[in-house]
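Spelled out, the chains give:
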Amino acid sequence: MSTYTPISDEMESRARTVLSSCAISEFRRLKIEKIDGVLCLLGALPTWYHKQLAQEMVRRLRPEIPIPIRNLTHVERRDGI
């Protein structure tokens, strides 16, 4: 069983900052919310790769302690398929 430390307001702010200052424009449009001590990523991204990359950018903010992240982003397919 994995244990984690609930997300602080400071960590929520840092996650918001790292994504809002990213060169990838879709990351700047993501919402970050702290729900029940878990950091939630919300919004739409163009690929599964972007979804994973956004999550890992936030996870690396505190490598010494696991960050509880719920990645609720969804992938919007742009190719019409």
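Residues numbered from 1 in each chain as written. Predicted model: local features only at pLDDT ≥ 70, side-chain atom pairs only at ≥ 80, totals over all residues. Heavy atoms only, no water.

Chemist: Which parts of the structure should I look at to understand the state of the cysteines?
Modeler: Put plainly, a disulfide is one covalent bond tying together the sulfur atoms of two cysteines. Within the structure shown, the criterion is met by zero disulfides. Residue Cys22 stays outside any disulfide, its sulfur separated by 20 Å from that of Cys40, the closest cysteine. Given a relative accessible area of 13%, Cys22 falls into the buried group. (Disulfide = S-S within 2.5 Å. Buried < 20%, exposed > 50% of the residue type's maximum accessible area, 1.4 Å probe, protein only.)

Chemist: Which parts of the structure should I look at to understand the pattern of salt bridges?
Modeler: Note on pairing: side chains with opposite charge can pair once their charged atoms come close. A full pass over the atoms with the stated rule returns four salt bridges. The partner of Asp9 in a salt bridge is Lys34, and the shortest N-O contact between them spans 2.4 Å. Remark: Lys34 occurs in strand E1 (residues 31–35) and Asp9 occurs in helix H1 (residues 9–20); sequence separation between them is 25 residues. Look at Asp9 and you get exposed, because its relative accessible area is 56%. Note that Glu12 and Arg16 form a salt bridge whose closest N and O atoms lie 3.0 Å from each other. (Salt bridge = Lys/Arg side-chain N within 4 Å of Asp/Glu carboxyl O. Helix = DSSP H or I, 4+ residues; strand = E, 2+ residues; numbered from the N terminus.)

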